[in-house]
Structures are given as structure tokens and as C-alpha cells.
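Here are the chains, one letter per residue:
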Amino acid sequence: MLLAQPRQKILFDFDWLFKMGDPPDIDQSFNYPEVNDLKKTRPEQVDLEKKLALIRIDPVKQHLGERTSYVQPAFIGQHWKGINLPHDWAVELPFDPHGNVSKGMKAIDSLKRTAIGWYRKQFKMPATDKGKVISLEFEGIYRNALFWINGHCLGRNVSGYMGCFLDISRYLNYGGINTVVVRVDASHDEGWWYEGAGIYRHVWLIKTHKVHVANWGTFVHSSIDKAKATLTIETEIRNDGNSVQNITLTSNLIDKTGHLVATVSRAGILIGAGSSTNVKQQLNVVNPHLWNVDRPDLYQVRSVVKQDKTITDTYVTMHGFRSIRFDSDSGFYLNGKRTFLKGVCIHQDHAGVLYVVKLK
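Description of the structure in this document. Please read all numbers here as calculations on a predicted model, not as lab measurements. (Residues numbered from 1 in each chain as written. Predicted model: local features only at pLDDT ≥ 70, side-chain atom pairs only at ≥ 80, totals over all residues. Heavy atoms only, no water.)

### Observations regarding the pairing of strand E6 (residues 116-125)
Then step 1. The element E6 is largely enclosed, with a buried count of eight among its 10 residues.
Then step 2. Note: strand E3 (residues 16-20) against E6, four bridges, orientation antiparallel. Paired with Leu-17 across the two strands is Arg-120, which belongs to E6.
Then step 3. Sheet topology places E6 next to strand E11 (residues 176-185); 10 bridges connect them, and they run antiparallel. If you follow Met-125 over to E11, its bridge partner there is Gly-176. (Buried < 20%, exposed > 50% of the residue type's maximum accessible area, 1.4 Å probe, protein only. Helix = DSSP H or I, 4+ residues; strand = E, 2+ residues; numbered from the N terminus. Pairing = 2+ DSSP bridges.)

Here's what the structure looks like:
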């Protein structure tokens, strides 16, 4: 069995540059009109959101920011701060009695140029990677982020809590230097807990074959009946090539010791050029190890994509077999056993909570 251009997931957290505030040549097209209060949704805000959606520009079609100085690959960032991710610039600001409560009593203010942050990173891309699908995964940015690669706008991700994938393949300099730029606008609040400001989670560089399991492309769920479990695996497979491909998808269930428990395979799956298809498979498992709070056993679902005899991708999804049930009289049941739910509400570490308590 041959392995063609295996999937690589490379940590992309290191050697970034950071600058707070917009450059002088910024323009109003960067604005993203939003409802006044993002913390709670009300009927009038839903109606307003529909109107605002009509006037927002498409950043990719409008080539948003591509003439801005900070976006240019040749720009030299004097006085920019060298950082590694994750990064939260709100933590670095001084406490302010009149500051933003959701930012830990920090002065996140558009007028003070503290609500906007820019990130830049240069990296090499080997010439041998040409022909692969190259993506960036941002796990979390607070918030309203715009992205560029080598001066080309890739799009916008507004949510402070939803990660995003960006396909950067077409704009890369293979065998040369590349520049990724991110603008983050933290001027709005989404919650009433500490939210911070910046690229506060990991970033990954992902390389795959053109025929691969899509990003976040598996949905694995199970049902349990006595000593038997039925595992359902739904897999989205993408073909980013320019011709129809005939592939085979094999899904292997592997326990924590590395033992192959069950397998299912489907051949003759046709995927058109530049499109994707969803494949549904099922496995029966006798006497699975059940996940519970005392013994959190997890299985691997290993999805293997093949073209002829060549493996083009392997994608791993973790899964725990368990049954859950809520009873209005007696509470929560895990695997048929009454279980008390214990925990605390931790959104993110509240950098200003001690200061807020002191003020009160």
C-alpha cells in the first residue's frame, strides 16, 4: 500500500509580530456594522441583523485592505512586538476603574487605539508542497478577524468563539517566503465574562492531498442496546483536484490498546472536481468499553481514504460509547446509572476578577 502526501498538522504559534492600533492609511471599508448589543438576542435585533447583512461588503470580492500598508508583504514592521501565540493584548493593558468589565476592567477603547490589533508572520513553504491543499486553522480569535496571505484577502471570521479554516494554497509562494496578516477588532462584547482580545488559541498549518477528509469532516455517534452498540460514521470527503476521482473509504475502530475492534469499507465512491460527498457507514460492536467519569475510555475512528492502492488521507476522530438520559424526577443517568453533574462555569480565566472584587 502506497502513502501519498500524508496529512500534516503543524503548530503555527511561533515567531509572530504584533502591533496595537490601525495604520494611518486605514479606511472606513474595514467597518463591520453590527447590532448594538451582542450579549443577548432580542426580536428587534434579529430584524436589524437582516438589514445589516445586506449592507456588509464581501471582503474577498472587494479585495478588502489589499492596499493597506500593514497588509503588504514587503512592509517592515518597525516597533512591532515579537510574540508567540496564544496571545491576549487585553491582559497586557493597565487596569482602569472606568475600563471594560468584559475585558477585566481594561481600557479597550477605539478612541485610545486599544481595540484593534494586527498580527504578522512570515514563513517558508517548500517547493515540494506545490499541489497539496494548504490550510490555516485558527482555533479562536477575539474577535472580528480579517485575514490576508501575501497581500490577498482571504475573508473574515466575526465570532470570538468559533474557529475557522482558510485555504491558502492558491496564493502561496512555493519555495519562497510567505506573509500572513490578521487584523483583530475587539471593540464589541459578546458575553458578560472575561473575553480578552487577540489570537487567544492555537493556530495550525495543515497540509493534505487534494482528495481528503474535509476539515471537521466526520460526525461519529452511537446507540447502545444492552451489550451491543451501533456506531454510525458520517464522513465528508473533498476532492480539490480538477477531475472526477473514484475512491475507497475505510473506517477502522481502534480501542485504547491499539487493537482493531471493527472495520467497514466502501469502494466506488465518485467525487466530482472541486466538490465533496458525504458517506455514511455503520459498525456493530459487542461489549464496548463504556465511557464514564471513573473510566473515560475512548476509541479512535480512523478514516482512511484511498485512490486505487494509494492512501491519500488518514483522519482520526475520538469517540466514547455511552448512553445518557434525563429524568424530570430523579435526574441524570449515565449508562443507566444515576449520576450527579458536578462542575463550575469557566468561560476563560478572568484576568480582572480580583480587581473588580477589590473595587466593590
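Next comes the rest of the account.
### Focus: the sheet that holds E3
Then step 1. Read across the open sheet, the six strands follow the order E4-E3-E6-E11-E8-E9; overall the sheet is antiparallel. Strands with a single pairing partner mark the edges of an open sheet, and in this sheet they are strand E4 (81-83) and strand E9 (152-157). Put simply, the sheet's adjacent strands are angled 25° from each other on average, direction ignored.
Then step 2. Of the strand pairs in this sheet, strand E8 (residues 145-149) and E9 are connected by five bridges, and their pairing is antiparallel. Paired with Leu-146 across the strands is Arg-156, a residue of E9. (Axes fitted to C-alpha atoms, helices over the stretch in contact; angles between N-to-C directions.)

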